[in-house]
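One-letter residues, chain by chain:
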Amino acid sequence: WTGSAYEYSWDTSVNGNGPATIEARVTDSGGATVYATPVNVTVVPSVSYSDTVLGDGPVAFLRLGEASGTTAVDSAGSNDGTYVGTPGLGATALIADGNTSVDFDGVDDMVELATSADINAGGPYETKTIELWFNADDVTSRQVLYEQGASWRGMNMYVHNGSVYAGAWNTRDDGDPSTPWPTNVFVSGAVRSEERR
């Protein structure tokens, strides 16, 4: 062997999960052996993306992995959505987790969720986390990713001119000193371009 690097694939299932030590050694034709400094590692069980999300206890988790039908199933609870328009179900997955995705046309395709106390009717909420994965063919035109609420209180996420925006507003007096908000809150960042492998 000649070269500057050597690769070795290790089947972690042989020894199972837990601490392990990896040591490389090279023996030449004369029997002389050189040992590399051992590396201590910990093998942890593989956890799927879905299991990770569900482990956080979400109010709703719409995976959008349906191959047919009009229902976007909520894997975390009872907040199923309804596909509107003619979205392309069963599209190529955005992450390698054995599931598919949905292709929306950017015009009139969407998933609608009914009003529910645990998502949008029981507020005002002090904190809320929305997570989504998307792959946009066009990040120049304004494309809505998520929208909730009304003119007096709501939030949305969209892409426009190469950036992704997330915003929230509350113009309603909810009976506490922090409302209505003096200004709307918006944050933005450049959409990351990444080649899918």
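Keep in mind that this is a model prediction, so the values were computed, not measured. (Residues numbered from 1 in each chain as written. Predicted model: local features only at pLDDT ≥ 70, side-chain atom pairs only at ≥ 80, totals over all residues. Heavy atoms only, no water.)

On to the overall build of the protein chain. What the protein chain contains, in helices and strands, is two helices and 13 strands. Here the protein chain has a C-alpha radius of gyration of 24 Å; the compact-globule value for 197 residues is 16 Å, and the former is much larger. Taken over the C-alpha atoms alone, the protein chain extends approximately 85 × 45 × 35 Å along its principal axes. The burial tally for the protein chain puts 16% of its 197 residues in the buried class. (Helix = DSSP H or I, 4+ residues; strand = E, 2+ residues; numbered from the N terminus. Rg over C-alpha atoms; globule rule 2.2 N^0.38 Å. Buried < 20%, exposed > 50% of the residue type's maximum accessible area, 1.4 Å probe, protein only.)

A separate point is the sheet that holds strand β11 (residues 153–160). One open sheet accounts for four strands, arranged β10-β11-β12-β13; its pairing is antiparallel. Each edge of the open sheet carries a strand with a single partner, namely β10 (143–149) and β13 (185–190). Adjacent strand axes in the sheet meet at a mean angle of 5° when their direction is disregarded. Bridge count for β10 against β11 is six bridges, and the pairing is antiparallel. Residue pairing for β11: Q148 is matched across the bridge by M155. (Pairing = 2+ DSSP bridges. Axes fitted to C-alpha atoms, helices over the stretch in contact; angles between N-to-C directions.)

Together, Y8, W10, I22 and V39 give the surface a local cluster of nonpolar side chains, amounting to about 430 Å² of exposed area. One can find V39 in strand β4 (residues 39–43). Residue class for V39 comes out partly exposed when judged on its relative accessible area of 44%. (Patch = residues over 30% accessible without salt bridge, like charges linked within 9 Å, V, L, I, M, F, W, Y side chains within 5 Å. Areas by Shrake-Rupley, 256 points an atom, 1.4 Å probe, with all protein chains shown as cover. Salt bridge = Lys/Arg side-chain N within 4 Å of Asp/Glu carboxyl O.)

By the element assignment, T179 lies in the loop between β12 (163–170) and β13. We classify T179 as buried; its relative accessible area is 10%.

Cis geometry marks the peptide bond from T179 to P180; its omega dihedral reads -5°. Its location among the elements puts P180 in the loop between β12 and β13.

Okay, the packing of aromatic side chains next. What the rule picks out here adds up to three aromatic pairs. Geometrically, the ring pair formed by Y49 and F61 is edge-to-face, given 6.4 Å between the ring centres and 70° between the ring planes. Note that Y49 is positioned in helix α1 (residues 49–55) and F61 in the loop between α1 and β5 (71–72), a separation of twelve residues in sequence. Among the residues examined, Y49 registers a relative accessible area of 21% and is labelled partly exposed. (Phe/Tyr/Trp six-rings, centres within 6.5 Å; stacked < 30°, edge-to-face > 60°.)

On to the pairing of strand β6 (residues 81–84), then. Only one face of β6 is covered, namely the face carrying G81 and Y83; the face carrying T82 and V84 is uncovered. Inspection of the sheet shows β5 paired to β6 by two bridges, in the antiparallel sense. What sits directly across from A72, in β6, is G81. Bridging between β6 and strand β9 (residues 110–113) involves four bridges; their strand directions are antiparallel.

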